[in-house]
Amino acid sequence: MAAYSNIWILCLMFSVLGNGFLPLEASHHAYRNLHLIQSASFANHSYRTAYHFQPPKNWMNDPNGPMIYKGIYHLFYQYNPKSAVWGNIVWAHSTSTDLVNWESHPPAIVPSQASDINGCWSGSATILPGGKPAILYTGADFQVKQYQNLAMPKNLSDPYLIEWVKSPYNPLMSPAQERLNASSFRDPTTAWLGPDGHWRVLVGNERKHVRGMALLYRSKDFVHWQKAKHPLFSLQNTGMWECPDFYPVSIRGENGVDTSVLGPGVKFVLKASLDDYKHDYYTIGMYDHQRDRFTPETAEFLGNGSGLRYDYGKYYASKTFFDSAKNRRVLLGWVNESTGNSTIDLLRGWAGVQAIPRKIWLDAFGKQLVQWPVEEIEKLRTNQVGQPSTVLKAGSVVEVSGVTAAQADVEISFGVSTVVENAEVLKPGGSTNPQELCSQKGASVNGKLGPFGLLVLASKDIQEFTAVFFRIFKDGNKFSVLMCSDQTRSSTQLVYDKTTYGAFLDIDPLKQKLSLRCLIDESIVESFGGGGKVCMTSRVYPTMAIDGEAHLYAFNNGTQNIWISSLSAWSMNKARIN
Ligand code: DQQ
């Protein structure tokens, strides 16, 4: 009863006070008054995660300035200290020694200067020579004009870097100087140092409401910045590029390299969070440091349904950092709610989680990135269950029992031993868009080789579930492997966004096993196909498959038998997530 009256009060407040939202050139809506509605002192427990990072209450979005300093990992994030919708943004701050368990600190950067008085938005950390961290971040002024500002630690002997001091020279970069669109000028990257002794940094921008770009600025002293004549890269019809990221990746092996590394052993990754699509797209290419130009290796880049994505589900505003302690590059990303309704978020008192940090490296063929949850997450695994190689018969569903299915880590590999004739043919003239194909051919649509995969967060009677699966198509003399996450049956509630996600997985299922790993955590499922070649994150809100009532199944809804060549599942312990 209390919950219902709360919903009505909130709906009333929304219509009386909120009066909808204001358009703002950022990826979030600016609410007239809702951003001030206090969250309950204890956030509603339902759907809160056990090992995915989230603050105790209120709104969280982008990860900011991740870094390691004196052996301590730092995560800053966009946070509304007052409410469960976007607004009043500060840099909240947590630290960790393992990227899994986190300790919370007071917000590190809060509005205080004319150039950030309306919000301290996204930015990045750079480790300056001598190991001194510096943060470049976007500030919004009273008119929501955007500027780039600098903050430095007050006390370098404090490994927790609790206090930050803003530069008296702020803002260091202003839109007016360059006649830039002041409402599309944000999110500085980690800076890199060229062989000429000048720092370079990128800032996201959009020109004439269509051309997205990564503006380039150079500086000798990290304080005085000059815009270069040409952006590092730009592309027509891609809209605003939020949270750009630019970094080298080793052409061989899984080790990461520091952001200023150049030379024949590396290629470069340019990532943009496309505001128009709400997805993180990346491309691999070469960087000419003398001309400060980036050349992508493939024409397919950024949006329009083509181009590579970090994650083909819900994942945005991500950022990488070089972890010098473990010689790896680590990727962090924000996973928004799929509630589709801020009233629900306000009632719950919280919104937004961070994905599990992922190690990221270049695939052996050099054409795409591979991502895998950082190894430290495996410390949470407990009570392993497994199964020797077995046949998964056509039309069968098998329960994986013995794990807490609402909080689990599952690794499964499938094998097919069949000839290409046994696979479905992609309908000539039909869609080849993987997300459309997954929507048309969901988990319950029978196929030949597939759909097979996992039903996660499933009710006992399998009325409610999220299906993560593969479907193999004949493509000439080859196979095409489609990976899908079908949320259509994930909740009996109609209000949620249940978009089905899909992507093609670049592997040959006759030569390689089709592997799938799912990190399941109450209301989030992070799926890794083909050893991390395709990642797909879903937010789901089951009404039956909650906590102890959740089940896990393997299924094969095709006409062909397949093999489960290996299966291991673990219950996951709770992490200290704040
Ligand atoms: N979020 C920040 C902006 C960024 C956007 C504001 C991306 O700096 O462009 O909270 O989610």
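Analysis parameters
Residues numbered from 1 in each chain as written. Predicted model: local features only at pLDDT ≥ 70, side-chain atom pairs only at ≥ 80, totals over all residues. Heavy atoms only, no water. Helix = DSSP H or I, 4+ residues; strand = E, 2+ residues; numbered from the N terminus. Rg over C-alpha atoms; globule rule 2.2 N^0.38 Å. Buried < 20%, exposed > 50% of the residue type's maximum accessible area, 1.4 Å probe, protein only. Areas by Shrake-Rupley, 256 points an atom, 1.4 Å probe, with all protein chains shown as cover. Lys, Arg positive; Asp, Glu negative; His and termini not counted. Charge placed at Lys NZ, Arg CZ, Asp CG, Glu CD. pLDDT = per-residue confidence, 0-100. Contact = heavy atoms within 4.5 Å. Pairing = 2+ DSSP bridges. Axes fitted to C-alpha atoms, helices over the stretch in contact; angles between N-to-C directions. 1 Å grid on protein atoms, 1.4 Å probe; cavity = no way out; pocket = protein on both sides within 12 Å on 5 of 7 lines; lining within 4 Å. Points joined across faces, edges and corners; volume = space filled by probe spheres on them. Nonpolar A, V, L, I, M, F, W, Y, C, P; charged D, E, K, R; others polar. Disulfide = S-S within 2.5 Å. Core = buried A, V, L, I, M, F, W, Y, C linked by side-chain atoms within 4.5 Å. Domains from an automatic or database assignment. Buried area = accessible area lost by both parts, 1.4 Å probe.

Moving on, we get to the overall build of the chain. The helix and strand tally for the chain stands at three helices and 41 strands. Here the C-alpha radius of gyration of the chain, 23 Å, is about what a compact globule of 578 residues would show, namely 25 Å. Each principal axis of the C-alpha distribution contributes one length, and for the chain these read about 70 × 65 × 45 Å. Residues classed as buried in the chain amount to 61% of the 578 residues present. Accessible area of the chain: about 22400 Å², with a carbon and sulfur share of 53%. Counting 54 positive and 50 negative side-chain charges, the chain places the centres of these two groups 3 Å from one another.

Here we come to the confidence of the model for the chain. Confidence along the chain averages 91 in pLDDT terms, with 90% of residues attaining 70 or more. Note on residues 1-27: pLDDT under 50 across the span, and 49 contacts to partners over four residues away in sequence or across chains.

Strands in a sheet are paired, the pairing made by backbone hydrogen bonds, and the direction either parallel or antiparallel. If you walk across this open sheet you meet the four strands as β7-β8-β9-β10, and the pairing is antiparallel. In this open sheet, the two edge strands, each paired with only one partner strand, are β7 (120-128) and β10 (164-166). The sheet shows a mean angle of 30° between the axes of neighbouring strands, taken without regard to direction.

A word on unusual backbone geometry. Omega for the bond connecting N170 with P171 falls within 30 degrees of zero, at -5°, which places this linkage in the cis form. Cis geometry is found at the peptide bond from G450 to P451, where omega equals 5°. Inspection of the secondary structure assignment puts P451 in the loop between α3 (434-440) and β33 (452-458). Positioned with a positive phi, H209 is a non-glycine residue whose angle comes to about 65°. Along the chain, H209 falls in the loop between β13 (199-207) and β14 (211-219).

Another aspect to go through is empty space enclosed by the protein. For the structure shown, the criterion picks out three cavities of 30 Å³ or more. Lining the second largest cavity we find Y51, H52, F53, L75, L99, V100, W102, L332, Q354, A355, I356 and P357. Of the residues contributing to the lining of the second largest cavity, the split by class is 10 nonpolar, two polar and no charged.

Simply put, disulfide is the name for a covalent bond between the sulfur atoms of two cysteines. Considering all chains together, one arrives at one disulfide under this definition. Across a sulfur-sulfur distance of 2.1 Å, C438 and C484 are joined as a disulfide pair. Its torsion about the S-S bond being -75°, the disulfide of C438 and C484 is classed as left-handed. You can see C438 sitting in helix α3 and its partner C484 sitting in strand β35 (residues 478-486), a full 46 residues away along the chain. Look at C438 and you get buried, because its relative accessible area is 0%. Of the cysteine sulfurs around C120, a residue in no disulfide, the closest is that of C243, at 15 Å. Judged by relative accessible area, C243 falls into the buried class, the value being 2%.

To continue, consider the nonpolar core. Burial of nonpolar side chains together is a common tendency in soluble globular proteins. Counting 44 residues, the largest nonpolar core has F414, F470, L514, I520 and L552 as the members making the most contacts within it. When residues no more than four places from it in sequence are discounted, the contact partners of I520 are Y51, A405, A406, Q407, A408, V410, V456, L457, V525 and L552. Counting residues in hydrophobic clusters, the runner-up holds 20 residues, among them Y47, Y310, W350 and Y541.

A separate point is the domain arrangement of the chain. Partitioning the chain into domains gives domain 1 (7-49 + 58-372) and domain 2 (382-572). Once you take the C-alpha centre of each, domain 1 and domain 2 turn out to be 31 Å apart. Between domain 1 and domain 2, the contact holds 28 residues from the first and 28 residues from the second. Here domain 1 meets domain 2 over a buried area of about 2400 Å², counting both sides, of which 53% is carbon and sulfur. In terms of surface lost to domain 2, no three residues of domain 1 exceed Y47, Y312 and W372, which account for 30% of the buried area on that side.

Ordered by their spatial adjacency, five strands build an open sheet running β6-β5-β4-β3-β24, and the pairing between neighbours is mixed. Looking at strand neighbours, the two that pair on one side only are β6 (103-109) and β24 (350-351), the edges of this open sheet. The pairing of strand β5 (residues 90-96) with β6 spans four bridges and is antiparallel. Looking at the pairing, T95 lines up with E103 of β6.

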